[in-house]
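Fold and contact review
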Amino acid sequence: APVAPAAPVAPAAPVAPAAGEELVPHSPMRRAIARRLTESKQNAPHFYLVTEPRVDALLELRAQANASGRRKLSVNDFVLKAVAAAFRAVPEANVAWSEEGMRRFDRVDVAVAVATDNGLLTPVVRGVDRLSVSEVSAAVADLAERARAGRIRQEELEGGTTTVSNLGMYGTREFAAIINPPQATILAVGTAVEAPVVVDGRLEVGRTMRCTLSVDHRAIDGALAARWLQAFTEAVENPLVALL
């Protein structure tokens, strides 16, 4: 006997907010963030590597630059230059996965996570490897200001080859970030803290900064990611080299 078609399933009725609860409709930006990050966690097999470079030299160089320059540089400005130096040293890691083939980049365009009142945006600083640290600082400040004011252009949010997310200014010691698709890496940067460090067998107090690299294993294997993180660590600990 023919099987009768199944009756259509009625959509679930919306749940009324309970006492003391408010239901705030999702903004288009919040829906887009939810969709992209869910896609990333579902499709990109994440793995994580942690480094804790000593940042005394970086902080001293920053203090000297800020004492003599007109633009106040942030720690994150130097981090972006160290990211670019690491990709110059390990260009094999400057890639992204696609079903058609591996996308290889000859540029370092770094997306910077910016918190706004409406949600997270990631405007892109183009050619960080070709910019001075002061130029990086100016670019980040301009993009962040316009992102928070709602004046960022769509093309300024597209095309990054990696992302840096820095929660150090909030006192966060360590965190792991979700990869910003279709990129293959994102670097999560914590706050700089005083910590015991061993130098030539002697214990002394130094300042360190814990950074976590999230990696898409489809595009980058563990040994390659470790080489990149080693190059990044060396650039942070020797900031003058990163600026050359």
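Residues numbered from 1 in each chain as written. Predicted model: local features only at pLDDT ≥ 70, side-chain atom pairs only at ≥ 80, totals over all residues. Heavy atoms only, no water.

1. What about the side chain of Thr212?
Put simply, the rule is: Helix numbers and strand numbers start at the N terminus; a helix is a DSSP run of H or I with at least 4 residues, a strand a run of E with at least 2. Two N or O atoms form a polar contact when they lie within 3.5 Å of each other; inside protein one atom must be a possible hydrogen donor and the other a possible acceptor, and for residues adjacent in sequence the pair counts only when both atoms belong to side chains. Two residues form a contact once any of their heavy atoms are found within 4.5 Å.
Here Thr212 shows up in strand β10 (residues 202-216). Engagement of the side chain of Thr212 in a polar contact is seen with the backbone oxygen of Phe175, the distance being 3.3 Å. The residues contacting Thr212, other than those within four sequence positions of it, are Tyr48, Leu49, Val50, Glu174, Phe175, Ala176, Ile186, Leu187 and Ala188.

2. Side note on the sheet that holds β10
Inclusion rule: Pairing between strands is defined by DSSP: at least two bridges between the two strands are required.
Pairing is mixed across the open sheet formed by six strands, whose spatial order is β1-β10-β9-β8-β4-β7. With one partner strand each, in any of the chains shown, β1 (46-51) and β7 (124-125) form the two edges of the open sheet.

3. Looking at the environment of Gly119
Along the chain, Gly119 falls in strand β6 (residues 119-121). Distance from Gly119 to Arg148, taken between C-alpha atoms, is 9.5 Å for residues 29 residues apart in sequence. With sequence-adjacent residues up to four places away left out, Gly119 is seen in contact with Met29, Arg30, Ile33 and Val114.

4. What to know about the packing of aromatic side chains
For any pair of aromatic rings, geometry is given as the distance between the ring centres together with the angle between the planes. The following threshold applies: Stacked, edge-to-face and tilted labels apply to pairs of Phe, Tyr and Trp rings (six-membered ring for Trp) whose centres lie within 6.5 Å, assigned for plane angles under 30 degrees, over 60, and everything in between, in that order. Exposure classes here rest on a 1.4 Å probe applied to the protein chains alone. A residue is buried below 20% of its type maximum, exposed above 50%, and partly exposed in between.
Under the criterion given, the structure shown has two aromatic pairs. Ring centres 5.1 Å apart and planes at 50° place the aromatic pair Phe87 and Trp228 in the tilted group. Taken together, the residues Phe87 in helix α3 (residues 75-89) and Trp228 in helix α5 (residues 222-237) connect sequence positions 141 residues apart. For the pair shown, Phe87 and Trp228 are each scored as buried. Summarising the aromatic geometry, the rings of Trp228 and Phe232 are spaced 5.6 Å apart at their centres and angled 5° between planes, so their arrangement reads as stacked. Here Trp228 and its partner Phe232 are both found in helix α5, four residues apart, which amounts to about one turn of the helix. Each member of the pair, Trp228 as well as Phe232, is classed as buried. Within the aromatic cluster, the residues linked to one another by ring pairs are Phe87, Trp228 and Phe232.

5. Observations regarding the packing of α3 against helix α4 (residues 133-148)
Relative placement of two packed helices is described by the angle separating their axes and the distance separating the axes. This is how the line gets drawn: Lines fitted to C-alpha atoms define the axes, with helix axes restricted to the stretch in contact, and inter-axis angles between N-to-C directions lie between 0 and 180 degrees. Crossing handedness is defined as follows: a turn of the near helix away from the far one that is anticlockwise and smaller than a right angle gives a left-handed crossing, while the clockwise case is right-handed. Side-chain classes follow a simple rule in which Ala, Val, Leu, Ile, Met, Phe, Trp, Tyr, Cys and Pro form the nonpolar group, Asp, Glu, Lys and Arg form the charged group, and the remainder, Gly included, forms the polar group.
One can describe the packing of α3 onto α4 by two numbers: an axis separation of 9 Å at closest approach and a directional angle of 115°. Remark: the crossing between α3 and α4 carries right-handed chirality. Contact with α3, carried on its side by Asp77, Phe78, Leu80 and Lys81, involves Val133, Val136, Ser137 and Val140 of α4 and no other residues of that element. Along the lines of polarity and charge, the residues of the contact of α3 with α4 split into five nonpolar, one polar and two charged.

6. Quick notes on unusual backbone geometry
The omega angle of the peptide bond from Pro181 to Pro182 is 10°, so this bond is cis rather than trans. Here Pro182 shows up in the loop between β8 (162-166) and β9 (185-199). Even without a glycine there, the phi angle at Asp200 is positive, about 55°. Examined against the element boundaries, Asp200 turns out to sit in the loop between β9 and β10. The class of Asp200 is exposed, set by a relative accessible area of 74%.

7. Focus: the environment of Ala226
Position of Ala226 among the secondary structure elements: in helix α5. Sequence separation of Ala226 and Val79 is 147 residues, and the distance between their C-alpha atoms is 17 Å.

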